[in-house]
Structure formats: C-alpha cells, structure tokens
Amino acid sequence: MKLNETMSTENGWNLNIEKIDQSKMITYGSNLLCGNGYLGYRGTLLEGRKEDYVACIVTDTYDRADGKWRELANLPNGLFTEVKVGQKVLNGIKDGATTLSFNFENGVMQRKTDYKLQGGILKITSSRFASFKQLNTLVASYQIKTDHNLTLKLRLGIDGEVWNLNGEHLAKTTFNNESDTLYCQAITTESKLEIAVASGYNLDGGIIRDKSFIRKDKELYLDITLQLEAGEKCIVERIMTVNSANDCEKPLKNVQKSIEFALDKGYQSLLAAHNLVWQRIWSKSDIKIKGNLEDQLALRFNLYHNIIATPAHSERLPIGARGLSCQAYQGSAFWDQEIFNLPMFLYTRPEIARNILKYRYHTLAGARKKATNLGYRGAFFAWISGKTGEELCPAYFFRDVISGRKIHNHFNDWQIHVSPDIAYAVWNYYLATDDWEFILNFGAELIFEIARFLSAHSYYKKDKDRFEFIRLLGPDEYHENVDNNAFTNYQAQFAMEKALYIYYRLKEDAPDIFKKIKDKINLKVFEITNWQEMAEKIYLPEPAEDSKLIEQFTGYFSLEDTTPNVLESRLIDKNEYWGWPNGVAVETQVIKQADLIQLFCLHDIFPKEVLEANYDYYEPRTQHGSSLSPSQYAIIACKLGNIKEAYQYFKKSVLIDIYNTNKAVSGGTFIGGIHTAAAGAAWQVVVKGFAGFRLRKNGISFSPNLPEMWQELSFNIVYQNNHLNIIINQEELKIRAIEIYNKVEIEVNKRCYQISGVDKVLKIKY
Ligand code: IFM
C-alpha cells in the first residue's frame with residue numbers, strides 16, 4: 001500500500017522508503033532506529049558521517065561535556081563501512097539510487113543502492129539490527145554485487161567523529177587492533193566513564209589484494225582492496241559491540257569477548273536468536289487492525305518505538321522522552337514515562353512496568369534532594385530525570401529567538417505534578433497486578449514521600465478553609481506561575497488519599513514493615529493528621545453549574561479568548577517560543593497541550609456532560625504544540641462517542657514521527673527524535689480509546705467503538721496475572737482466556753460477565 005509519494009507498506013509491519021531525500025535524513029535516522037532498550041543505532045547509511053546525524057546512543061553513559069546539559073553519549077561508530085571505486089568514495093544518498101526499508105517485526109533495517117559506474121552497475125544491499133539477545137551487539141550484513149570486473153577499496157572501521165548536541169563527550173580516545181578487529185576506548189569528559197567499542201567483520205567473496213590500517217585522530221579503519229569478477233557477490237558481515245564501565249567491570253574485555261562470540265556465530269545465527277526474542281515480545285504486545293494498513297503500520301511503528309526506548313533490562317534506568325534515538329531531552333525521563341509509556345507495559349508485560357516504577361524508587365534520593373534544595377520535604381521528582389533522579393532540567397531551556405536571550409523557564413521547580421503522577425502510576429500498577437508486595441517493598445515509601453512533599457508544598461488558605469497549590473506549571477506548559485491547576489490539584493488529592501489508605505492498611509496488616517518504613521523515613525503521626533486534613537480540603541475546581549466548565553487554573557477564563565491560528569499570525573519569527581514569560585500564548589486561553597482533557601484521561605469521575613462541555617471548550621483552544629496532546633483528545637473523543645474526531649486525533653498522534661509533523665527545533669533548542677510519549681500513547685488510544693478498556697474496582701471493562709473502516713481489532717491484556725485475548729469487530733467483542741488463575745469480572749457497556757478457565761471464550765454483542 002502506498003502511504004505517500006515515497007513511502008509504502010506491504011503488510012503493516014514494514015515501512016519502505018523509495019527515493020530518499022537528503023533533507024529528511026534526520027527523520028529517517030530516528031524513525032528507522034535499530035534498538036533494544038540498551039542502545040539505539042540511528043537509521044543512517046553505514047557510510048554516513050557526523051553531518052548525516054549518525055549515532056549510537058547507549059544507556060547509562062550520562063556526561064556533562066559543556067558544563068551545561070548532561071546527556072547520553074553518542075559512541076564511536078564501529079559499523080562504519082564505505083566503498084571506494086577508483087578515486088570515488090560512494091555515497092548512497094549523493095551518488096546512487098537508494099531505497100530503505102524497515103521491518104518493525106524484528107527491527108531489521110534494509111538498504112539497497114544501485115550505483116551506475118563507468119564499467120557497469122554496482123549493487124549494495126545491507127541489513128542490520130540491534131540484537132535483542134546480546135544487547136551490546138549490533139549486527140550488519142553488507143552485500144556487494146557487480147556486473148563487471150571491478151577492484152574496489154572497502155573501508156571498515158570505527159568513526160569516532162560523532163554528532164553531539166551539547167559538547168564533546170569522548171575526552172580521551174585510544175584506538176587499537178588485534179589482527180583485523182578494531183577497538184576504541186574512551187573516557188567521557190566529565191563523568192570519567194570508561195567506554196569501549198569493538199568493530200569486526202567476516203568477509204565472504206572476492207579476492208583480497210591488499211590490506212592496510214588508516215589512523216586519524218578519532219578514527220581507525222582497515223582498508224581492504226578487493227577484486228570482484230563480473231556477477232560475483234561479496235558479503236561483509238559487520239559487527240559492533242559496545243560497553244561502558246556502568247554495565248560491566250572491564251568494558252574493553254567485554255566488547256572483545258562479545259565481538260569474538262558474534263563473529264563466530266555470524267549474521268544468520270545471531271538474527272535467528274534475535275528474532276526469537278521479538279517473537280516473544282510481539283506475542284504479548286502486538287495489536288492487529290484489520291481494515292486499514294496505514295493504521296496498522298503506524299500503530300506497530302509506535303509500539304516498536306515504545307519497546308526499544310525502554311531499558312527493560314534494568315530497574316535503574318529511565319525511558320528517555322526521545323528514547324535512544326538521539327541526545328535530545330538528555331536521555332531522561334519526564335512524567336511521560338509513567339503516564340504515557342508505562343500503561344502499555346502494565347497490561348502486556350507488567351514485569352517491565354514494575355521495573356519502571358522501581359527506577360523511581362531507586363531515584364528517591366535525587367527527588368528528596370531536589371525537595372530539600374527548594375525548601376520542601378519529601379520527594380519532589382525531577383522534571384528531567386536521569387540515572388540518579390537529580391534534576392537535570394536546566395533553568396534556561398529555550399531561547400528568545402528574536403533577542404537571542406535565554407529564557408528562564410520553570411519546568412524544573414514549578415511543574416510539581418510529576419510527583420503525584422508517579423503515585424498515580426504506582427497505584428494503578430497495584431490495581432492491575434494485585435502486587436501488594438510491591439507496595440510493601442517500594443510503593444509505600446514512594447507514595448509516603450510524595451504525600452509528604454505535596455503537604456509541604458500546599459498552601460492553606462485560611463479565609464477559604466482549603467489547601468491550594470500555588471505557583472505551578474500544569475501539563476499546558478505555556479502558562480507558568482499559575483495557581484490551582486485543576487490537573488495538579490486532582491492528582492495531588494488522589495495521591496494523598498492513596499497514601500492514607502496504604503498507611504492504615506500497612507499499620508493494620510503488616511506492622512513490622514510499617515514500622516520499618518516509618519522509622520526509615522522518620523514519618524511522624526502529626527504528618528498523617530495533616531495528610532488527612534489535606535485530603536479532605538484540597539481545593540478541587542468543580543464544573544460550573546450552568547456551563548459545566550472547569551477552569552484550567554485560577555484566572556484562566558479571564559485571559560484573552562482566541563485561537564492558535566490567530567496567535568500564529570502574531571508571530572514575528574516562526575520559531576518563537578509561545579510560552580512564558582512573554583510568548584504569544586501567555587496572556588491568552590490558547591494552551592499548548594491537553595490539560596483538563598489530560599485529567600479526564602486519568603480519572604473517570606466526571607459525568608459525560610462535563611466531559612462534553614470541556615472537550616468542546618478546550619479543543620479549539622489547544623495548539624497541540626506537544627506530541628503528548630493529540631492522543632489524549634482522541635481518548636476523550638472516544639468516550640464521548642465522537643469516533644470521527646477520535647480517529648483524526650489518533651492519526652495525528654500515531655503519524656507524528658512517520659510524517660515528521662512536529663517541530664525539531666523550538667525556541668532555539670533541538671527537540672527532534674522519536675516522540676516516545678506518543679509511541680506509548682498509541683497503545684492507549686487504541687485500547688483505552690477505541691476498545692474502551694478500563695480498570696474497574698473488581699475487574700476490567702470495555703466499551704468498544706471502532707473507527708468505521710476497522711473490521712477487526714485484536715490485542716492481549718494481562719490483568720492480575722490472567723492473560724486474555726480480545727477480538728473486537730463492529731458488532732461483537734470476543735474474549736478468550738489464554739492463561740487464567742482466577743475468575744475475571746468483565747463489564748461490557750455496563751453489563752457484567754465473568755470468565756474463568758483456559759481457552760474459555762466469551763462472545764458479547766455490544
Ligand atoms: O513532558 C513533556 C511535556 O509535557 C511537553 N514538553 C515535552 C516534554 C517531554 O516529552
């Protein structure tokens with residue numbers, strides 16, 4: 001199926017790009033990313049250089065090279081492979097006809113280039129993947145075929161001249177070789193982390209006429225002069241292995257061992273093992289859509305990117321807001337992690353959701369430090385959270401593109417909702433898994449410290465006898481320094497209630513653990529009295545009686561009422577930042593992203609007429625300047641039965657990266673790369689939106705409403721260790737128990753059913 005002039009898919013798993021356009025290389029690089037949660041290797045050509053945005057971003061390599069922004073290091077490119085014929089270095093973008101193709105089923109990228117040379121045609125085909133079996137290993141197969149006798153020079157090696165957003169991370173690089181395998185060792189600039197890269201090959205075909213090593217400052221290559229006969233084919237298998245001292249004691253030894261292993265196994269055998277891992281992943285995570293191939297592909301594209309962005313191998317690493325597709329957003333977690341990325345894992349592979357939350361537990365020290373620095377108690381989680389959980393978000397994030405002056409944003413100190421968002425995710429993890437042991441060991445301490453922070457941050461207004469939250473930034477980031485952002489206040493109240501529930505339940509059921517936690521964090525009885533009072537008296541903006549509207553924050557309705565289009569026309573420079581302190585949106589009701597609608601996505605507490613009134617009000621005032629926004633509107637549009645609009649928002653969300661519709665630079669800062677929150681949200685729009693899946697007090701529920709052209713939707717859900725397969729068509733919902741340990745209560749359009757017993761099937765007309 002043709003998606004547009006240059007892109008197509010055959011089966012909803014692959015994305016083919018014919019006629020590649022150099023100006024889009026930055027987009028292809030991110031979209032066609034080979035990754036496995038440990039590393040991300042951009043979808044560039046193997047002969048690509050720094051200016052083509054080649055990158056291999058590796059988890060847990062944080063470094064602050066320029067004294068400004070800490071980010072993940074981009075490691076030397078050990079897959080570098082180039083062909084030279086005569087004096088001409090061949091470049092697949094400039095000199096040949098190249099097509100790219102990516103298979104999201106196993107994360108394999110393919111490239112085909114035909115070069116018209118003086119003597120005839122030279123064909124290059126290559127494929128590569130980031131092994132999901134050996135996470136530190138990248139594997140490529142590079143095939144050269146000629147229709148005429150030819151002598152060429154093959155350059156294989158390590159290119160250490162890499163693309164960086166913020167400073168040079170590899171301070172000391174040394175290169176070595178052990179016979180034909182090349183090594184690079186480096187130490188990162190500030191964090192002094194040792195990293196190592198190995199680069200090797202297996203060659204089959206052609207006659208080797210000569211070999212020599214080429215050394216430059218940050219590069220080491222092996223040049224092979226190769227003679228090929230007409231019709232002959234030569235296959236070069238390329239392997240790159242990487243490690244840092246954060247994942248093993250001796251990175252160099254490790255890359256040596258793993259490259260030996262990989263070279264010995266060879267491409268096909270490594271691919272077979274890698275495929276098996278993907279098969280297991282997709283058997284739990286795939287969502288099938290019958291009826292529209294573009295939707296199918298776009299959905300899988302997003303599921304794939306959510307999976308490879310997530311360091312599932314560790315419980316101590318965050319999911320970056322751009323995953324491992326580049327260095328933007330510092331390879332760090334935002335609230336995106338719990339609210340956007342996590343739900344898909346929670347209901348497909350809950351052990352990964354557990355890891356994600358344990359990461360927050362392990363970073364409590366950083367969150368406590370941030371709270372203390374700002375004069376609060378408890379855990380104020382970082383807006384941008386790396387390995388330690390200390391705040392990485394710079395005070396000056398954007399620049400005024402007109403004056404060139406830095407803008408002092410307050411994402412880091414006023415956007416407090418990240419803390420209750422984590423409490424919300426912990427609670428939902430518990431409801432979806434029944435893993436009370438997690439609460440005992442990790443969740444309780446997390447939620448108590450969050451409650452403690454919220455209580456320290458809240459402001460008791462005597463005249464109104466209520467607790468308020470002042471000087472905030474809600475999800476809508478254009479309006480800073482606002483009071484009582486409805487989203488934040490409701491989230492805070494939810495967190496306080498859960499903290500109290502856990503406190504009393506622990507006290508009653510597990511007194512030893514209760515005492516241990518209480519002593520560990522020095523929790524005092526008077527604090528619980530405060531929490532109790534707060535939970536009852538947090539100001540929760542209510543829908544107005546007549547209009548049913550909820551004010552996004554105090555004073556919002558008094559701002560100028562206008563639309564994003566009008567504001568667009570007021571811009572002096574199209575790259576201007578719209579928000580605080582004097583962007584075009586600040587004094588208006590135009591919002592960057594879903595805010596009240598975001599609240600509706602997390603809490604089913606408002607009647608339909610309130611949802612409807614607020615959707616109608618806020619929707620035309622939302623710019624969707626964040627990739628987080630369209631998915632949330634899609635979910636609520638589904639709830640309102642407005643499937644046409646929901647479908648449009650679904651498309652907007654799932655196609656953000658494929659069609660590159662979001663700005664790569666905002667207010668002078670590079671924010672390109674894969675939008676991992678939108679990737680995670682794709683699962684939510686389909687499962688929570690179109691299938692209407694929800695957690696209930698004692699079970700789960702569905703209220704399906706499929707887009708017109710979808711004949712069938714099918715996916716799996718894990719609920720409290722019971723594995724269910726759900727198939728929905730335009731009239732019927734079918735639930736099959738794959739693995740079941742207890743009876744599951746299922747509500748469909750307000751009627752209750754039960755399922756128990758393996759292979760039992762429930763068929764419900766809806
Ligand atoms: O967390 C988001 C925020 O809501 C909008 N700006 C980008 C951040 C990272 O995705």
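The structure contained in this document is the topic of the report that follows. (Residues numbered from 1 in each chain as written. Predicted model: local features only at pLDDT ≥ 70, side-chain atom pairs only at ≥ 80, totals over all residues. Heavy atoms only, no water.)

Considerations on the overall build of the chain
Scanning the chain from N- to C-terminus turns up 19 helices and 33 strands. Against the 2.2 N^0.38 benchmark of 27 Å for 766 residues, the chain shows a C-alpha radius of gyration of 27 Å, consistent with a compact globule. Per-residue burial over the chain gives 62% buried out of 766 residues. Taking all contacts inside the chain whose residues are at least 6 apart in sequence as the whole, residues at least 24 apart take part in 66%. About 28800 Å² of surface is accessible on the chain, with carbon and sulfur atoms providing 47% of the total. Charge centroids of the chain, computed over 91 positive and 93 negative side chains, lie 3 Å from each other. (Helix = DSSP H or I, 4+ residues; strand = E, 2+ residues; numbered from the N terminus. Rg over C-alpha atoms; globule rule 2.2 N^0.38 Å. Buried < 20%, exposed > 50% of the residue type's maximum accessible area, 1.4 Å probe, protein only. Contact = heavy atoms within 4.5 Å. Areas by Shrake-Rupley, 256 points an atom, 1.4 Å probe, with all protein chains shown as cover. Lys, Arg positive; Asp, Glu negative; His and termini not counted. Charge placed at Lys NZ, Arg CZ, Asp CG, Glu CD.)

Topic: the environment of S332
Relative to the elements of secondary structure, S332 occurs in the loop between α4 (293-309) and α5 (336-346). Sequence spacing of S332 and G160 is 172 residues, and the spatial spacing of their C-alpha atoms is 24 Å. Here Q330 takes part through its backbone oxygen, which lies 2.7 Å from a polar atom of the side chain of S332. (Polar contact = N/O pair within 3.5 Å; in protein donor to acceptor, adjacent residues only side chain to side chain.)

Looking at a nonpolar patch on the surface
Among the surface-exposed residues, V401, I402 and I572 lie close enough to one another that they form a single nonpolar patch of about 290 Å² accessible area. Mapped onto the elements of the fold, I402 is located in the loop between β20 (396-399) and β21 (406-408). Take I402: its relative accessible area is 46%, and that puts it in the partly exposed class. (Patch = residues over 30% accessible without salt bridge, like charges linked within 9 Å, V, L, I, M, F, W, Y side chains within 5 Å. Salt bridge = Lys/Arg side-chain N within 4 Å of Asp/Glu carboxyl O.)

As for the pairing of strand β17 (residues 219-228)
Across the 10 residues of β17, 9 count as buried, placing the element largely inside the fold. As paired strands, strand β12 (residues 150-159) and β17 are joined by 10 bridges and run antiparallel to one another. Across the sheet, the residue bridging to G157 is Y221, located in β17. Pairing geometry for strand β16 (residues 207-216) and β17, over 9 bridges, is antiparallel. Across the sheet, the residue bridging to S212 is D223, located in β17. Following β16, the chain reverses through 2 residues before pairing antiparallel with β17. (Pairing = 2+ DSSP bridges.)

A closer look at the side chain of R360
Along the polypeptide, R360 turns up in helix α6 (residues 350-362). Taking the relative accessible area as the measure of exposure, R360 reaches 0% and is therefore buried. Separated by 3.2 Å, the side chain of R360 and the backbone oxygen of F334 make a polar contact.

Regarding the packing of helix α17 (residues 629-639) against helix α19 (residues 676-690)
Axis separation between α17 and α19 bottoms out at 8 Å; the angle between their running directions is 5 degrees. Classed by the angle they form, the pair α17 and α19 counts as roughly parallel. Facing S631, Q632, A634, I635 and C638 of α17, the residues of α19 in contact are A681, Q684, V685, G689 and F690. When the residues that make up the contact of α17 with α19 are grouped by side-chain class, the tally is 6 nonpolar, 4 polar and no charged. (Axes fitted to C-alpha atoms, helices over the stretch in contact; angles between N-to-C directions. Parallel < 35°, antiparallel > 145°, perpendicular 65-115°, else oblique. Nonpolar A, V, L, I, M, F, W, Y, C, P; charged D, E, K, R; others polar.)

Notes on the site of the ligand
The full set of residues close to the ligand is A321, Y329, F334, W335, D336, W383, E477, K592, Q593, S626 and L628. One nitrogen or oxygen atom from the side chain of E477 is found 3.1 Å from a nitrogen atom belonging to the ligand. Relative to its unbound accessible area of 280 Å², the ligand is 95% covered by the protein chains. Grouping the constituent residues of the shell around the ligand by class yields 6 nonpolar, 2 polar and 3 charged. (Near = heavy atom within 4 Å.)

A short note on empty space enclosed by the protein
Taken as a whole and assessed by the stated rule, the structure comprises 6 cavities of 30 Å³ or more. Size it by volume and the largest cavity reaches roughly 50 Å³. Taken together, T59, D60, Y62, L72, A309, P318, G320, G323, L324 and G331 make up the lining of the largest cavity. (1 Å grid on protein atoms, 1.4 Å probe; cavity = no way out; pocket = protein on both sides within 12 Å on 5 of 7 lines; lining within 4 Å. Points joined across faces, edges and corners; volume = space filled by probe spheres on them.)

Description of the sheet that holds strand β3 (residues 34-35)
Here we have 3 strands laid out as an open sheet, ordered β3-β4-β5, and antiparallel in their pairing. Edge positions in the open sheet fall to β3 and β5 (56-58), since each of these has one partner strand only. As paired elements, β3 and strand β4 (residues 39-41) share 2 bridges and run antiparallel to each other. Counted as the bridge partner of G35 is G40 from β4.

Considerations on the pattern of salt bridges
In this structure the tally under the stated criterion is 44 salt bridges. Measuring nitrogen to oxygen at the nearest pair gives 3.1 Å for the salt bridge that ties R377 to E527. Of this pair, R377 sits in the loop between α7 (364-373) and β20 while E527 is found in helix α13 (residues 525-537), placing the two residues 150 residues apart along the sequence. Take R377: its relative accessible area is 42%, and that puts it in the partly exposed class. Residue class for E527 comes out buried when judged on its relative accessible area of 4%. Across the salt bridge formed by R696 and E747, the nearest N and O atoms sit 3.8 Å from each other. Remark: E747 occurs in strand β31 (residues 744-748) and R696 occurs in strand β26 (residues 694-696); sequence separation between them is 51 residues. Residue E747 is classed as partly exposed on the basis of its relative accessible area, which comes to 21%.

So yeah, pure geometry; function would need other evidence.
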